[in-house]
Amino acid sequence: MLPQLLHPCPHHYTRFSLPYGSYYRIHLAKTSPPLTMRRRRGGWRSGRRSTTWAATSEESVASVSTDDDKRVGPDISTLLRRFLKVAAPYWSSEDKAEARLRLGAVFALTLATTGISVGFSFLGRDFYNSLANKDQEQFMKQLLYYLGAFAGGIPIFVLRDYARETLSLRWRSWMTTYYMKRYFKNRTFYKIQSQSIIDNPDQRIVDDLSAFTGTALAFSLTLFNAAVDLISFSNILYGIYPPLFVVLIVYSLGGTAISVFLGKGLVNLNFMQEKKEADFRYGLVRVRENAESIAFYGGEENELQLLIDRFKRAFENLSELLIASRNLDFFTSGYRYLIQILPAAVVAPMYFAGKIEFGVINQSVSAFNHILSDFSLIVYQFQAISAFSAVIDRLGEFDDLLDGNESSILLKHDSTEGIKIAFKEISDPISISSNGSTLQTEPQKLLEVQSLTLQAPRSRNVLFTDLSLEITNRDHLLVMGPSGSGKTSFLRALAGLWNSGSGNIVYYITGDRQTPDSTANKSTEPMNNSLETQDEEELIQSSKYRRLGGIFFLPQRPYMVLGTLRQQLLYPTWTDDLLLSSDDPKKKGSLTFLSEGSTTNEAMEKPKMPTSDDLIEALQLVRLGDILSRFNGLDAIREWSSVLSLGEQQRLAFARLLLAKPKLILLDESTSALDEENEAHLYRQIEKAGITYISIGHRKTLLKYHKRVLNIMKSDSNDNGSSRNWSARPINQTSGPIEETTPSA
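Residues numbered from 1 in each chain as written. Predicted model: local features only at pLDDT ≥ 70, side-chain atom pairs only at ≥ 80, totals over all residues. Heavy atoms only, no water.

**Brief notes about the nonpolar core**
Part 1 of the reasoning: Ranked by size, the top nonpolar core spans 42 residues in total, and within it Leu619, Leu657, Leu667 and Ile686 carry the most contacts.
Part 2 of the reasoning: Of the residues forming this core, the biggest block, eight residues, is contributed by helix α24 (residues 646–660).
Part 3 of the reasoning: Leaving out residues up to four positions away in the same chain, Leu619 has contacts with Leu565, Leu569, Leu624, Gly625, Ile627, Leu628, Leu634 and Leu652. (Core = buried A, V, L, I, M, F, W, Y, C linked by side-chain atoms within 4.5 Å. Buried < 20%, exposed > 50% of the residue type's maximum accessible area, 1.4 Å probe, protein only. Helix = DSSP H or I, 4+ residues; strand = E, 2+ residues; numbered from the N terminus. Contact = heavy atoms within 4.5 Å.)

**What about α24?**
Part 1 of the reasoning: Taking 1.5 Å as the rise per residue, α24 with 15 residues should run 21 Å; its terminal C-alpha atoms sit 21 Å apart, in good agreement.
Part 2 of the reasoning: Most of α24 sits out of view: 14 of its 15 residues are buried.
Part 3 of the reasoning: Once α24 finishes, Lys661 follows within two positions and takes phi at roughly 50°, a positive value. (Expected span 1.5 Å × (residues − 1).)

**Examining helix α8 (residues 242–262)**
Part 1 of the reasoning: Here α8 contains 21 residues, and its C-alpha end-to-end distance of 31 Å stays within 8% of the 30 Å for a straight helix at 1.5 Å per residue.
Part 2 of the reasoning: Three or more residues of α8 are buried, namely Leu244, Phe245, Leu248, Tyr251, Ser252, Gly255, Thr256 and Ser259. Angularly, the buried residues of α8 cover 130° about the axis, an arc narrow enough to put them on a single face. Opposite its buried face, α8 presents the exposed residues Val250, Leu253 and Phe261, each directed more than 90 degrees away. (Arc of directions from axis to C-beta.)

**So, the pattern of salt bridges**
It is possible for side chains bearing opposite charge to pair when their charged atoms get close.
Part 1 of the reasoning: The full count for this structure, using the stated rule, is 30 salt bridges.
Part 2 of the reasoning: Notably, a salt bridge pairs Lys85 with Asp400, separated by 3.6 Å at the nearest N-O pair. One end of the pair, Lys85, is in helix α3 (residues 76–87); the other, Asp400, is in helix α15 (residues 382–403), with 315 residues separating them in the sequence.
Part 3 of the reasoning: Relative accessible area serves as the criterion here: at 22%, Lys85 is assigned to the partly exposed category.
Part 4 of the reasoning: Note that Arg630 is salt-bridged to Glu648, the shortest N-O span being 2.8 Å. Within this pair, whereas Arg630 is found in helix α22 (residues 627–630), its partner Glu648 is found in helix α24, the two being separated by 18 residues in sequence.
Part 5 of the reasoning: Its relative accessible area of 37% is what places Arg630 among the partly exposed residues.
Part 6 of the reasoning: Residue classification places Glu648 among the buried positions, given a relative accessible area of 13%.
Part 7 of the reasoning: Residues participating in the shared-partner salt-bridge network are Arg81, Arg82, Lys85, Arg182, Asp393, Asp399, Asp400 and Asp403. (Salt bridge = Lys/Arg side-chain N within 4 Å of Asp/Glu carboxyl O.)

Structure representation (structure tokens):
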């Protein structure tokens, strides 16, 4: 029937299924906007993407797989609370005016489509009456009316769908920025990875947010449309034959109750399918990122078995999901097809008795289908609702984690976490002599560690106790000790990544660099018990303050960003400036929130961004000048972690710090992949630049580049840190200055 071209009957719906690895779409009834959940479930996609190392580790996946299988899905009240918590922020954000205006336009267009459908109901009645009466003149007249209605109505339907999709995209863009800011804030990404708190945060940000915004908007419009439909078509149906309206109510309520009973396990199965597919994808990403190591070990068979095992878990869960969907489909298919004859069967006796015309039967079928689709949303879309509930559950769990609302989340500080980090601004310790010349009265203090006791965050094992030391200008410190003694953990504490234990860590920043807090104490007196510590917001921002305050960390395996060679060298001090300068304002449109990527306030001035000549000079200083010709200049884009050896990556990291010109750097075995000659050359360069450094290393050749050594021994697990397991002493320099050697690549 022609009216159904614009509002098809329920048997024309695309039935919901779960073809993981491809898109799936669910259409709602008639004039209601299609509920669309377009996503790539499990991420079996071609192309490259950055790895988010916050996914569940191999060990944690294995240890929790049994618990996952026993997972109990959330109740209705929890899902509703999480839905409101995830959905609400955008509508009160800085984009609220534009968002509400667009939402009003979508609702207005939806209301217009309902009016068009009501008009088609009456057009259909008169059209079939003329056909039944064999009135050719009236038939042609009604046919022209139909064609005119198509020409005017179709653009409204198209514009409604376009307005809904653009609003959904805008909402998703804002939520993606909002969640990524919170994900990086306070180093949440690091805590999720290091403590294996939840699985696959990357999938929740990319896939779940996309599904949530599109589906939530479609559901909202569907409910609105259903309410308008009920008002519009109930009048028509009740006016035709009141008993038919009663049959409709009983039929829809009974179908809803049976659907809920048959499909109650689908929410949890959908949730687990999301996780198992993402775990399988993560395993494949790890193979790509560690291809060389796996090849050296000859571990292809092991990796294959691990991946097959992960796929098997996804396959088994999907099999259960398909069985549950099949059982529900037995009922919903019958429910869907029975309504094609039910209204006609009820009103047929009136037609045979001559009380109604033939066109009224068509109108009653159309009105019955409209109203029944409104009452039967749960029946028709139970699988879609189940899949959407899993999305809400995963996003709500992630949102609770970012807010620190879950008791199992270790983002909140417990009573044992007492290491405090502070920044203190001091004046340069310079005085004027009697003849007018300037004299350095005492070495400038850069770092003070006060009674530091460090514990491992999860096990609470004490690594060392009551460590106190001061680092002054050019007072280079070497930290040594056996593997597992806590050397790198000491740097984690200095960086604020670990704060389990007690004690104070104070960074002294000279007057030419501004501190995080404009009210910071400018005295040069030790802080001791009067230490002015950071509040929570300052702790969140401390990584940027360390960099801009002249403090730089260099890990053993440097992080290679996705981008050009220029971006590698400018990371992390000037990367945001480079990205902002490359933005095309014409492409931004009105989405201003997409350009607000920083999680911190720009409270301090950073050094001037180096020029191209500065970058080239830095590469030459670390003996990497040849990579400019190898990769066609500074703006070449490569997978740098793959095309550069670890030794080249370490030298590139030294070029970064020479460009940043920090006051203090902390090196975690940062020359472990270099030969002794290149190692000596790099230490000479940072010494020549006037940079003070703290190094972690095992080589005894490092001793000649440092003034003092801190030895940390493994603590005895039985004494619980009661005895001191560290010692600090000066290094006797007997070998004299180091001679410059011939440069080598």
